[in-house]
Amino acid sequence: MEKFVIEGGTRLSGTIVPAGNKNGALPILAACLLTEDEVTLRNVPRIRDVEAMMLLIEGLGADVRWTGQGEVSVDCSAVSADGIVDPELAERIRASFLLSGPLLARFGQVRMPPPGGDVIGRRRLDPHLDAF
């Protein structure tokens, strides 16, 4: 049996800032569609999937921009029910389907193209659809 034995006597103290991750950032970016207020997000990783989600939201009429290192400003006040989720962008990331809930809640209807992304086994959409 393996184990760690920690000997010390000195109390740990300090502050760390955990790195942002896409599994946290993508749903939060999608949730910004629920409000017309400007939202500032911090500790957002600057990676391809986050950039794709930002483009998807921007394509719906939002003002989405990097305002600093790991900081994003999202203003969805101009998003309307007429907005169409870009199928080409949606094909880039599986998380594009996360837009469906906030759009449905805000406007009462939504048309979503099939999500894309990497094929890593079965990742069904049924739980999302059941929730609607």
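All figures in this text were calculated on a predicted structure; none of them were measured in a lab.

What counts and what doesn't
- Residues numbered from 1 in each chain as written.
- Predicted model: local features only at pLDDT ≥ 70, side-chain atom pairs only at ≥ 80, totals over all residues.
- Heavy atoms only, no water.
- Core = buried A, V, L, I, M, F, W, Y, C linked by side-chain atoms within 4.5 Å.
- Buried < 20%, exposed > 50% of the residue type's maximum accessible area, 1.4 Å probe, protein only.
- Helix = DSSP H or I, 4+ residues; strand = E, 2+ residues; numbered from the N terminus.
- Contact = heavy atoms within 4.5 Å.
- Pairing = 2+ DSSP bridges.
- Axes fitted to C-alpha atoms, helices over the stretch in contact; angles between N-to-C directions.
- Parallel < 35°, antiparallel > 145°, perpendicular 65-115°, else oblique.
- Nonpolar A, V, L, I, M, F, W, Y, C, P; charged D, E, K, R; others polar.
- Polar contact = N/O pair within 3.5 Å; in protein donor to acceptor, adjacent residues only side chain to side chain.
- Salt bridge = Lys/Arg side-chain N within 4 Å of Asp/Glu carboxyl O.

> Just to check I follow, could you spell out the nonpolar core for this structure?
One recurring pattern in soluble globular proteins: nonpolar side chains tend to sit buried together. Counting residues in each nonpolar core, the largest one holds 30 residues, and the members touching the most others are Leu 29, Met 53, Ile 57 and Leu 99. Those elements that place two or more of their residues in this core are helix H1 (22-31), strand S1 (38-41), helix H2 (48-59), strand S2 (63-68), strand S3 (71-75) and helix H3 (87-90). In terms of residue count, the dominant contributor to this core is H2 (6 residues). If we skip the residues at most four places from it in the chain, Met 53 touches Leu 26, Leu 29, Ile 93, Ala 95, Ser 96, Leu 98 and Leu 99.

> Can you walk me through the side chain of Ser 96 in this structure?
By secondary structure assignment, the location of Ser 96 is in the loop between H3 and helix H4 (100-107). Other than its neighbours up to four places away in sequence, Ser 96 contacts Met 53, Leu 56, Ala 90, Met 112, Pro 115 and Gly 116.

> Looking at this structure, how should I read the pairing of S3?
Both S1 and S3 contribute to a ladder of 4 bridges, which runs antiparallel. The residue of S3 that forms the bridge with Glu 38 is Asp 75. Sheet topology note: the S2/S3 ladder contains 5 bridges and is antiparallel. Looking at S3, one finds that Asp 63 is bridged to Asp 75.

> Would you explain the packing of H1 against H2 in this entry?
Packed helix pairs are characterised by how far apart their axes lie and by the angle those axes make with each other. Axis separation between H1 and H2 bottoms out at 10 Å; the angle between their running directions is 5 degrees. Comparing the axis directions of H1 and H2 gives the class roughly parallel. Mapping the contact onto sequence places Lys 22, Ala 25, Leu 26, Leu 29 and Ala 30 in H1 and Asp 49, Val 50, Met 53, Met 54 and Ile 57 in H2. Grouping the constituent residues of the contact of H1 with H2 by class yields 8 nonpolar, no polar and 2 charged.

> Looking at this structure, I do not really get the side chain of Asp 49. What am I missing?
Take Asp 49: it is sitting in helix H2. For Asp 49, a relative accessible area of 11% puts it in the buried group. Of the polar contacts made by the side chain of Asp 49, one reaches the side chain of Lys 22; its length is 2.8 Å. Asp 49 has contacts with Lys 22, Leu 26 and Ile 93, leaving out every residue within four places of it along the chain.

> Would you mind showing me how to read the environment of Leu 26 here?
Among the secondary structure elements, Leu 26 is positioned in helix H1. We classify Leu 26 as buried; its relative accessible area is 4%. For the pair Leu 26 and Leu 98, spaced 72 residues apart in the sequence, the C-alpha separation amounts to 7.9 Å. Ignoring anything within four residues of it in the chain, the contact list for Leu 26 reads Asp 49, Val 50, Met 53, Ala 95 and Leu 98.

> Before we go on, may I ask you to explain the pattern of salt bridges in this structure?
Here the idea is simple: oppositely charged side chains can pair when their charged atoms come close. Within the structure shown, the criterion is met by 6 salt bridges. With a shortest N-O distance of 2.8 Å, Lys 22 and Asp 49 are connected by a salt bridge. In this pair, Lys 22 sits in helix H1 while Asp 49 sits in helix H2, placing the two residues 27 residues apart along the sequence. Here Glu 71 ties to Arg 42 by a salt bridge, and the two come within 3.2 Å at their closest N and O atoms. Linking Glu 71 in strand S3 with Arg 42 in the loop between S1 and H2, this pair joins segments that are 29 residues apart in sequence. Taking relative accessible area as the criterion, Glu 71 reaches 23% and is therefore assigned partly exposed.

Keep in mind these values describe shape, not function.
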